[in-house]
Amino acid sequence: MNQRGLTGQYSQFVIAGAAIAVVAPKFEAWRPAFWDNLATTAQLHRIKRLIAIDHRDCGAAQIAYGEASIADPQKETETHRKVFDEFRKEVGRREPKLAIETGLMALDGSIQMFG
């Protein structure tokens, strides 16, 4: 967040799997915590943007979608791209005023953004 000039200007919520935890059927029981936190943050802090960052070599992706979903970088990227598409749709439905950014972080800390 420092690189984006957001130091001290954001509210952070961390959940294993990040966007995967919000859309994968395997983690359905976790969703209320995310949605309640997002609604509260939007109300209290009047946020205008939501940034979701997944990471490569994600065990939650493997649990949710199987080993083949992360078998190589191309398949892993495609898995996260699909997750982000579903995540953006669901957030947009619930919090239509929020801009949504999604990214996939490599283990070296670099991030590939997906809109």
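Placed above this text is the structure.
Residues numbered from 1 in each chain as written. Predicted model: local features only at pLDDT ≥ 70, side-chain atom pairs only at ≥ 80, totals over all residues. Heavy atoms only, no water.

**Looking at the side chain of Glu76**
Okay, step 1: If you trace the backbone, Glu76 turns up in helix 4 (residues 73-94).
Okay, step 2: Once you skip the residues sitting within four places of it in the chain, Glu76 turns out to touch Arg56, Asp57, Cys58, Ser69 and Ile70. (Helix = DSSP H or I, 4+ residues; strand = E, 2+ residues; numbered from the N terminus. Contact = heavy atoms within 4.5 Å.)

**Re the packing of aromatic side chains**
Okay, step 1: By the definition in use, this model includes five aromatic pairs.
Okay, step 2: Arranged with centres 4.9 Å apart and planes meeting at 75 degrees, the rings of Phe34 and Trp35 form a pair that is edge-to-face.
Okay, step 3: Positioned above the aromatic ring of Trp35 is the side chain of Arg94, whose terminal nitrogen or guanidinium carbon lies 4.2 Å from the ring centre. (Phe/Tyr/Trp six-rings, centres within 6.5 Å; stacked < 30°, edge-to-face > 60°. Lys NZ or Arg CZ within 6 Å of the ring centre and 35° of its normal.)

**Concerning the sheet that holds strand 2 (residues 99-105)**
Okay, step 1: Across the sheet, which stays open at both edges, the three strands sit in the order 1-2-3 with mixed pairing between neighbours. Of all strands in the sheet, those bounded by a partner on one side alone are strand 1 (49-55) and strand 3 (111-113). Between one strand and the next, the sheet's axes are offset by a mean angle of 30 degrees, whatever the strand orientation.
Okay, step 2: Summarising the sheet, strand 1 and strand 2 pair through seven bridges and their orientation is parallel. Residue Ile53 lies in a different strand from strand 2, and its bridge partner there is Gly103.
Okay, step 3: Contacting strand 1, strand 2 and strand 3, helix 4 runs over the sheet at an angle of about 160 degrees to strand 2. (Pairing = 2+ DSSP bridges. Axes fitted to C-alpha atoms, helices over the stretch in contact; angles between N-to-C directions.)

**Concerning the environment of Gln12**
Okay, step 1: Mapped onto the secondary structure, Gln12 falls in the segment before helix 1 (19-23).
Okay, step 2: For Gln12, a relative accessible area of 58% puts it in the exposed group.
Okay, step 3: For the pair formed by Gln12 and Ala33, sequence separation is 21 residues and the distance between their alpha carbons is 13 Å. (Buried < 20%, exposed > 50% of the residue type's maximum accessible area, 1.4 Å probe, protein only.)

**Notes on unusual backbone geometry**
Okay, step 1: Of note, the phi angle at Arg46 is positive, near 50 degrees, even though the residue is not glycine.
Okay, step 2: Note on placement: Arg46 falls in the loop between helix 2 (31-45) and strand 1.

Coordinates in, geometry out; function isn't part of it.
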